[in-house]
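Secondary and tertiary structure notes
Here is what each chain is made of, one letter per residue.
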Amino acid sequence: MPDATPTPSAPAQSAPAASAPAIVAEQLTRRFGEFVAVRDVSFKVARGEIFGYLGANGAGKSTTIRMLCGLLAPTAGRATVAGADVARDPERVKRAIGYMSQRFSLYLDLRVRENLEFFGGAYGLGGAALARRIDALLERVELAAQGDVRTGDLPGGLRQRVALIAAMLHEPAILFLDEPTAGVAPAARRTFWRLIRELAAGGTTVFVTTHYMDEAEYCHRIGMMTAGRLVALDTPAALKREHLAGSMFLVEGPQVAAALPELRRHPGVLGAQPFGAAAHLRVDPARLDGARLQRLLADGAHGALRARSVEPSLEDVFLALVEER
Amino acid sequence: MPPFFQRLGALAYKELLHMLRDQQVIYLALGMPLVMLLLFGYAVSFDVDELPIAVLDHDGSAAARRLVRGLEASDAFVVRDRVREAAAIEALMRRGTIRAGVVIPAGFARRLARGEQASYQLLLDGADGTTARIALGYAFGATAAAASDAGRGAVPLLEPRVRALFNPALRSALFIVPGLAAVIIGILAVLMSTITVAREWERGSMEQLFATPVDRLAVVLGKLLPYVAIGLLQLLLVLTAGAWLFGVPLRGSLATLLAAAVLFLAGVLGQGLLISMVTRNQQVATQLGAISGVLPNLLLSGFIFPPDNMPLPLRVLSHAVPARYMVAVMRGVLLQGQRLPQLWPQFLGLALVAAAFLTISTLAFRRSLD
């Protein structure tokens, strides 16, 4: 999961004050036969909020988003989006939202502009108004020159921006983005997130799923899913505070992975998780201070390990949550 | 413009772009009808030309020679061999040298001269039933002509004078091409339309489409319209080629034909879309499309086998096959010059089947991912 994208240093600005929530889910549940894909999920998303939905593949993120978009009927529970019930009035939901599905499903044999004209038409738009809107949006995502390019010839990052504006043509109040950055290069992902934050600042509510933990730092609030359950929901800072007691260290060394089971058993160690080629070690400073930690690492059976203090990331929160369960 | 038409227009235009961008579709849509027309038009022939025969003449009379000349005069037969005994005919036929044998008994001329009924034996190769049956027809005609010559002054024989209306020479191309045009267009329409919806399911664009407010009728009609246009183009192409290569006439009105073709295409495309919507899988859809496109169109349409001669269950089933009505319309308009007043049962059939397929496929088209 971690990759070359640097973790953004400053967390996103705090969420706007909630008026009437844009999205409400109450005990939302979806079964596929015996399998419960989403179980008793409840949350509210305020207008203008960027709400991140995190979890591993298969955790139930896409199923949740599909229910909220009126594409999949809930088995139990209910949800309202832009004031409309997703089960009873999916058509009203569809008019109010923009949806970018996991595979940013554009027609690859069509030109960029043809794709946008098609989706504009699907929303009942047309004529000069649609043409102006397309021009403005292409300009905004810096694709004005690519309007006549065959969509399949665009690199993934640019195609993803086209998919985003295809979902925005009808000026929806709420945008649902399902893994919008999957398979996109880190630089393109940063550009994309800048756009998302601009949109939210303009009042659009953004509900976004991702399995890139670093991206979650851009969100106002985050819901974490494992195995169909929403196991945590808060701002990034609060999540770290609540779920990551103690201090976090980055531990490096040639045999760090082999040393983890032994480290976990040591008194004062709250958690130890692989993190890229290194590991994140969380310790209770009252029981294991810096000097004793250094000694523990230097004398281990797995060669010399080095540790330095780091800021905890959302991935640490996620791993701690999975471990807790 | 009302949003429904805005959406319909966007969907139809998008589908048209897919078609134009895909060279395979163009080849399939415009090349295949011509290839099939040539294959069927030339290969499927019910005409019999210069069938080699052997003659065993026990009579040796002028009357016997006249009979053989009469057979040869029809161009259907050519005498390959003259033999001395009946066993030789069977041997030649087994070897494939001849396809039929004629045995003229002794006393043939004498009986004719006395005004008695004379007979000769025609041995046919039953292994090829189609050819045998056609040869039999020609032999009857030639014998009747010979008999009227021989029977001069004797008891006048009852003699049919046959004239095939609309196709005086009974050329099978004239009979085949109009039906073939309907069958080709029907098969291609099913083949092309089965993959369109399945492809969108597989590529995920269907999910994206469902998240928009397009209603399912717009999706179905939007898929349909460009393929109707292609189908009409194919029809004109096949008719032009049929007229040029096989001399197929257009005795009725082109407008009637095109109107029927629109209903016909709506029916076969509805069938293809239904398959596509239910399977959601290109491979399965292609296979089902090939089977359900080719078999009913070829076998239940009356293109080769008249529906009236089918066993009851198949005859009932044939009423659900749009090609059944279209084959009749094509022959009626092209060869017989029929107009709407005579064709309304066919038009009604086409309209009902089209309405049924489109209604079912629209209803079967769930706008959700369940």
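Definitions and cut-offs
- Residues numbered from 1 in each chain as written.
- Chains lettered and ligands numbered in written order.
- Predicted model: local features only at pLDDT ≥ 70, side-chain atom pairs only at ≥ 80, totals over all residues.
- pLDDT = per-residue confidence, 0-100.
- Contact = placed C-beta atoms within 7 Å.
- Helix = DSSP H or I, 4+ residues; strand = E, 2+ residues; numbered from the N terminus.
- Expected span 1.5 Å × (residues − 1).
- Buried ≥ 20, exposed ≤ 12 C-beta atoms within 10 Å, placed from the backbone.
- Arc of directions from axis to C-beta.
- Domains from an automatic or database assignment.
- Nonpolar A, V, L, I, M, F, W, Y, C, P; charged D, E, K, R; others polar.
- Pairing = 2+ DSSP bridges.
- Axes fitted to C-alpha atoms, helices over the stretch in contact; angles between N-to-C directions.
- Core = buried A, V, L, I, M, F, W, Y, C linked by C-beta atoms within 7 Å.

As for the confidence of the model for chain A
- On average, chain A scores 86 in pLDDT, and the residues at 70 or more come to 92%.
- Below a pLDDT of 50 lies the segment residues 1-18 of chain A, which in the model reaches 36 contacts outside its immediate sequence neighbourhood of four places, other chains included.

Observations concerning helix α11 (residues 282-299) of chain B
Residue and element names in this part refer to chain B.
- When the terminal C-alpha atoms of α11 are compared, their 25 Å separation across 18 residues agrees well with the 26 Å that a helix rising 1.5 Å per residue should span.
- Restricting attention to buried positions, one finds in α11 the residues Gln282, Ala285, Leu288, Gly289, Gly293, Pro296 and Asn297. For α11, the buried positions fall inside an angular range of 130 degrees around the axis, keeping them on one side. Exposed and facing more than 90 degrees away from the buried side of α11 are Gln283, Ile291 and Leu295.
- Contact partners of the buried residues in α11: α7 (172-203), α10 (254-279) and α13 (322-336).

So, the domain arrangement of chain A
Residues and elements named next belong to chain A.
- Partitioning chain A into domains gives domain 1 (23-235) and domain 2 (244-324).
- A straight line from the C-alpha centre of domain 1 to that of domain 2 covers 37 Å.
- With nine residues of domain 1 at the contact, the number on the domain 2 side is six residues.
- Mapped onto the side of domain 1 that touches domain 2, the elements with two or more residues apiece are α7 (213-216), β9 (221-226) and β10 (229-234).
- With three residues, β9 is the single largest residue contributor to the side of domain 1 that touches domain 2.
- Looking at the side of domain 1 that touches domain 2, its residues break down into seven nonpolar, one polar and one charged.

Quick word on the environment of His18 of chain B
Residue and element names in this part refer to chain B.
- Among the structural elements, His18 can be located in helix α1 (residues 3-21).
- Judged by local crowding, His18 falls into the partly exposed class, with 17 C-beta atoms found within 10 Å.
- Sequence separation between His18 and Phe347 is 329 residues; the distance between their C-alpha atoms is 31 Å.

Some details on the pairing of strand β6 (residues 97-100) of chain A
All names here are of chain A.
- Taking every second residue as pointing to the same face, both faces of β6 are buried, with Ile97 and Tyr99 on one and Gly98 and Met100 on the other.
- Where β6 and strand β7 (residues 174-178) come together, four bridges link them in parallel fashion. Along β7, the bridge assignment pairs Ile97 with Ile174.

Quick word on the domain arrangement of chain B
- Here chain B is described as being made up of domain 1 (3-44 + 171-364) and domain 2 (51-150).
- Put simply, the middle of domain 1 of chain B and the middle of domain 2 of chain B, counted by C-alpha atoms, are 47 Å apart.

Topic: the interface of chain B and chain A
- Of the residues lining the interface, 25 residues belong to chain B; the matching set on chain A comes to 23 residues.
- When contributions to the side of chain B that touches chain A are tallied by element, the ones reaching two or more residues are α1 and α8 (205-210) of chain B.
- Among the elements that line the side of chain B that touches chain A, the one with the most residues is α1 of chain B, at nine residues.
- Of the residues contributing to the side of chain B that touches chain A, the split by class is 10 nonpolar, eight polar and seven charged.

Quick notes on the sheet that holds strand β1 (residues 51-57) of chain B
Residue and element names in this part refer to chain B.
- Taken together, four strands build an open sheet; the order of strands is β2-β1-β3-β4 and the sheet is mixed. The two strands at the open ends of the sheet, each matched to only one other strand, are β2 (77-82) and β4 (121-124). Across the sheet, the mean angle separating the axes of adjacent strands is 30 degrees when strand polarity is ignored.
- Examined bridge by bridge, β1 and strand β3 (residues 100-104) share five bridges and lie parallel to one another. Pairing of Asp57 across the sheet is with Ile104, part of β3.
- Against the sheet, helix α3 (residues 62-73) makes contact with β1, β2 and β3, and its axis sits at roughly 135 degrees relative to β2, the strand it touches most.
- Helix α4 (residues 86-95) contacts β1, β2, β3 and β4 of the sheet and is inclined by roughly 165 degrees relative to β1.

Thoughts on the environment of Leu288 of chain B
Residues and elements named next belong to chain B.
- Of note, Leu288 is situated in helix α11.
- For the pair Leu288 and Met36, spaced 252 residues apart in sequence, the C-alpha separation works out to 21 Å.
- Residues in contact with Leu288, not counting those within four places in the same chain, are Thr194, Ile275 and Thr279.

As for the nonpolar core
- If you look at the biggest cluster of nonpolar residues, it comprises 151 residues, and the most contacted ones within it are Leu68, Phe176 and Phe207 of chain A together with Ala181 and Met326 of chain B.
- Per element, the largest residue contribution to this core is 19 residues, and it comes from α7 of chain B.
- In this structure Phe207 of chain A touches Ile23, Val45, Phe51, Tyr53, Ile65, Leu68, Ile174 and Phe176 of chain A, once residues within four positions along its chain are discounted.
- By size, the runner-up hydrophobic cluster in this structure holds 26 residues, among which are Val55, Ala76, Ile98 and Ala100 of chain B.

Regarding the pairing of strand β11 (residues 247-252) of chain A
- Sheet analysis places β11 of chain A next to strand β13 (residues 278-283) of chain A, joined by five bridges and oriented antiparallel. If you follow Ser247 of chain A over to β13 of chain A, its bridge partner there is Val283 of chain A.

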